[in-house]
Amino acid sequence: MKTIKHIINNQETTGHSTNTQAVYNPATGEQTAELVLGNAQDINDAVENSKQAFKTWSTTPPAKRAKVMFNMRQLLIDNADLVAETISKEHGKTHDDALGEVTRALEVVEYACGIPDKLKGDFSSDVGPNIDTHSTRQALGVVAGITPFNFPSMVPLWMIPMALACGNTFILKPSERDPSSANLIHDLFAKAGLPAGVLNVVHGGKETVDAILDHKDIHAVSFVGSTPIAEYVYTRGCAAGKRVQALGGAKNHMIIMPDADLDQAADALMGAGFGSAGERCMAISMAVPVGQETADKLIEKLIPMINKMKIGPYTQKGMEMGPVITKEAQTRIEGLITQGESEGAKVVVDGRNHKVDGHGLGYENGYWVGATLLDYVTPDMSVYKQEIFGPVLSVLRADTFEQAVDLINEHEYGNGTAIFTRDGDAAREFASKIQVGMVGINVPIPVPVAYHSFGGWKRSIFGAHGIYGPEAVHFYTKLKTITTRWPTGIRAGAQFNFPTLD
Ligand code: NAD
């Protein structure tokens, strides 16, 4: 059985703890590896190593740091299939979906290649007599990232390229459910020429996270995961004096107006609702058709599409959806469907007890949940309030556009949303009034490109900065402003008043 270890100073290590956790293939339910779990001593080792590496890395010219990113870009392209395979083996998503994850990660690496331009700073001459001012952004020091299971490559790569390009050293604590991607990313960075210790990987769960949050020499923490843990990480990290950005969960609604192209809307709902088995923070889990006729027509289109979905392991070509991440997730999702039904929702397509042919390879034991469609969902139901994070699309019928907008604005989450319409007025009003961070107009999953930043509103984020893009430069650096006067031979004498331009 393979043991997945920490990587500190480019060396694999089992660290100081004897605690381990099994890693599974969700398509078969088989254990594929044993993961070592870190403790405070392991984090301390990583921090000490990262602090040493910071001395050289932070003073390496940004253009040289960018060269590592250029190399990493090429390595990611050359190894895209390997990275995708590593993702799918432990996460379960289809190969094409995993390749999509790699492509979006690659975009962030490409953005980081332009770091010299982004760290240029500002200069103002003659702000006073013979006085000039310039500002510069400097790295924070050792920073850390704590990442979720659902994008085991992309989310770490939302953080690492920009943090490193800005001159920081980085400790990654990946999800314990699909940890191999993190070690592979580390190996690719090492091949790209990243010096030892600039990126360290420490595996683990709560104990490791707490050690990161409490360590005095970790200056910033980026977190992506569920809202309760995001809030915990934010509160504890801030209390320890760190800069923290913590991105949380979601319940993303898509409004379908009566004038929308319903075929296009149905296609969009299929991909956004069931892609990656609904385990995306930008998945659409709520369809909100406006008007009963719109709802009826939409559901009529969705039923055959859902029934035709190809569900199976990533190893089989042409699959559209894989298993969910764990046995517990499967039980939780099926339980929520049952709860929704008992609270009055209509189960139009039922994905509970979904069976997949084993093909003699054990797939019958995978964590399968079939694509599920619930109708007549109402705001008081648990399936509406909770993030299901599975292949369950709920329909909440709204009478008016205003009612649909109010519904979204009242939800505790505000990560992503979309409207499908041909009406420019409605689209514009939606974009302006909606209390959500990422908005799509006839675009179901409006994940911003790498040169815009990603981030929700309300309880989908804690902290002031979005992740990657221009926000990342601000998050991973601190501003220094330098005011300079060169001796001119003129002596003004001691001045005791507050300095002014006069
Ligand atoms: P999770 O919150 O369970 O885990 C995220 C990280 O926190 C992991 O590294 C995990 O080890 C750690 N963790 C878990 N429990 C902890 C505890 N009690 N104390 C300290 N650390 C703990 O999330 P997940 O199940 O891995 O990922 C799915 C969640 O992530 C969903 O809610 C999804 O919406 C969210 N997500 C959000 C975004 C976003 O950008 N907003 C992106 C991806 C995923």
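Caption draft 1: Region of the structure containing the sheet that holds strand β6 (residues 122-128). Here we have three strands laid out as an open sheet, ordered β6-β7-β23, and antiparallel in their pairing. Both edges of this open sheet fall to β6 and β23 (477-485), since each of them pairs with a single strand only. The mean inter-strand angle of the sheet, taken between neighbouring strand axes irrespective of direction, is 25 degrees.

Caption draft 2: Structural detail: helix α12 (residues 327-342). Counted at 1.5 Å a residue, the expected span for α12 with its 16 residues is 22 Å, and the 23 Å between its end C-alpha atoms agrees. When we look at burial in α12, the residues that qualify are Ala329, Gln330, Ile333, Glu334, Leu336, Ile337 and Gly340. In a view along the axis of α12, the buried residues occupy a sector of 150 degrees, so they form one face of it. In α12, the exposed positions angled more than 90 degrees off the buried face are occupied by Glu328, Thr331 and Ser342. Buried residues along α12 sit in contact with β15 (346-349), β16 (372-375), α13 (382-385) and β17 (392-395). Following α12 by one or two positions, Gly344 has its phi on the positive side, about 120 degrees.

Caption draft 3: Structural view of the pairing of strand β11 (residues 218-224). Of all seven residues in β11, six are buried, a share of seventy percent or more. Sheet topology places strand β8 (residues 142-146) next to β11; five bridges connect them, and they run parallel. Bridge pairing in β11 links Ala144 to Val221. By the bridge criterion, five bridges tie β11 to strand β12 (residues 243-247) in an arrangement that is parallel. Its bridge partner being in β12, Phe223 is matched across the sheet by Ala246. Between β11 and its parallel partner β12, the chain crosses via helix α9 (residues 227-239), and the hand of that crossover is right-handed.

Caption draft 4: Expanded view of the site of the ligand. Close contacts around the ligand come from 28 residues, with Thr147, Lys173, Glu176, Ser226 and Glu387 the closest. One nitrogen or oxygen atom from the main chain of Gly248 is found 2.8 Å from a nitrogen atom belonging to the ligand. Protein coverage of the free-state accessible area of the ligand, which is 840 Å², stands at 89%. Contributing elements (two or more residues each) for the shell around the ligand: α8 (206-214) and β11. A class-by-class count of the residues in the shell around the ligand yields 14 nonpolar, nine polar and five charged. When residues of the shell around the ligand are sorted by domain, at least three fall in each of domain 1 (2-248 + 460-482) and domain 2 (252-441).

Caption draft 5: Focus on the packing of helix α2 (residues 62-78) against helix α7 (residues 180-191). Interaxial distance between α2 and α7 falls to 8 Å at its minimum, and their mutual angle equals 125 degrees. Compared by their axis directions, α2 and α7 come out oblique. Crossing hand, α2 versus α7: right-handed. Residues Val68, Met69, Met72, Leu75 and Leu76 of α2 form the contact with α7, whose participating residues are Ile185, Leu188, Phe189 and Lys191. Class assignment of the residues belonging to the contact of α2 with α7 gives a composition of eight nonpolar, no polar and one charged.

Caption draft 6: Here's a closer look at the pattern of salt bridges. Tallying each qualifying case throughout the model produces 22 salt bridges. A salt bridge links Lys93 to Glu101; the nearest nitrogen and oxygen atoms lie 2.6 Å apart. A residue is classified by how much of its surface remains accessible, and Lys93, at 1% relative accessible area, is buried. One salt-bridge network, held together by shared partners, links Glu48, Lys51, Lys216 and Asp217.

Caption draft 7: Spotlight on the pairing of strand β20 (residues 438-441). Burial along β20 is one-sided: the face carrying Met438 and Gly440 is buried and the face carrying Val439 and Ile441 is not. Alignment of strand β19 (residues 416-420) against β20, held across four bridges, turns out to be parallel. Note that in β20 the partner of Ala418 across the bridge is Gly440. At this point the chain moves from β19, through helix α15 (residues 424-433), to the parallel β20, and the crossover so formed is right-handed.

Caption draft 8: Looking closely at the nonpolar core. Counting residues in each nonpolar core, the largest one holds 68 residues, and the members touching the most others are Met254, Ile255, Ile256, Leu269 and Leu302. The next biggest cluster of nonpolar side chains, apart from the first, holds 65 residues, and it includes Val143, Trp158, Ile160 and Cys166.

Caption draft 9: Geometry of the sheet that holds strand β5 (residues 30-36). The mixed open sheet is built from three strands, whose spatial order is β1-β5-β4. Among the strands making up the open sheet, the edge pair consists of β1 (2-4) and β4 (20-25). Adjacent strand axes in the sheet meet at a mean angle of 35 degrees, parallel and antiparallel pairs treated alike. Here β1 pairs with β5 via three bridges, running parallel. Within the sheet, the bridge partner assigned to Lys2 lies in β5 and is Ala33.

Caption draft 10: Layout of the packing of aromatic side chains. Enumeration according to the criterion identifies six aromatic pairs in this entry. Ring centres of Phe149 and Phe389 lie 5.8 Å apart, and the angle between their planes is 90 degrees; this geometry places the pair in the edge-to-face category. With Phe149 in the loop between β8 and α6 (154-165) and Phe389 in the loop between α13 and β17, the pair connects residues that are 240 residues apart, well separated along the chain. In this pair, the class of Phe149 matches that of Phe389, namely buried. With centroids separated by 6.2 Å and ring planes inclined at 35 degrees, the aromatic side chains of Tyr234 and Phe462 adopt a geometry described as tilted. A residue pair is termed long-range when its members are at least 10 positions apart, and Tyr234 in helix α9 and Phe462 in strand β22 (residues 461-462) qualify at 228 residues. With relative accessibility at 27%, the residue Tyr234 sits in the partly exposed group. Each member of the aromatic cluster is reached from another via a ring pair, and the members are Trp158, Phe454 and Tyr468.

Conventions we followed
Residues numbered from 1 in each chain as written. Predicted model: local features only at pLDDT ≥ 70, side-chain atom pairs only at ≥ 80, totals over all residues. Heavy atoms only, no water. Pairing = 2+ DSSP bridges. Helix = DSSP H or I, 4+ residues; strand = E, 2+ residues; numbered from the N terminus. Axes fitted to C-alpha atoms, helices over the stretch in contact; angles between N-to-C directions. Expected span 1.5 Å × (residues − 1). Buried < 20%, exposed > 50% of the residue type's maximum accessible area, 1.4 Å probe, protein only. Arc of directions from axis to C-beta. Contact = heavy atoms within 4.5 Å. Right-handed = clockwise from strand over helix to strand, strands pointing away. Near = heavy atom within 4 Å. Polar contact = N/O pair within 3.5 Å; in protein donor to acceptor, adjacent residues only side chain to side chain. Areas by Shrake-Rupley, 256 points an atom, 1.4 Å probe, with all protein chains shown as cover. Nonpolar A, V, L, I, M, F, W, Y, C, P; charged D, E, K, R; others polar. Domains from an automatic or database assignment. Parallel < 35°, antiparallel > 145°, perpendicular 65-115°, else oblique. Left-handed = near helix turned anticlockwise from the far one by under 90°. Salt bridge = Lys/Arg side-chain N within 4 Å of Asp/Glu carboxyl O. Core = buried A, V, L, I, M, F, W, Y, C linked by side-chain atoms within 4.5 Å. Phe/Tyr/Trp six-rings, centres within 6.5 Å; stacked < 30°, edge-to-face > 60°.

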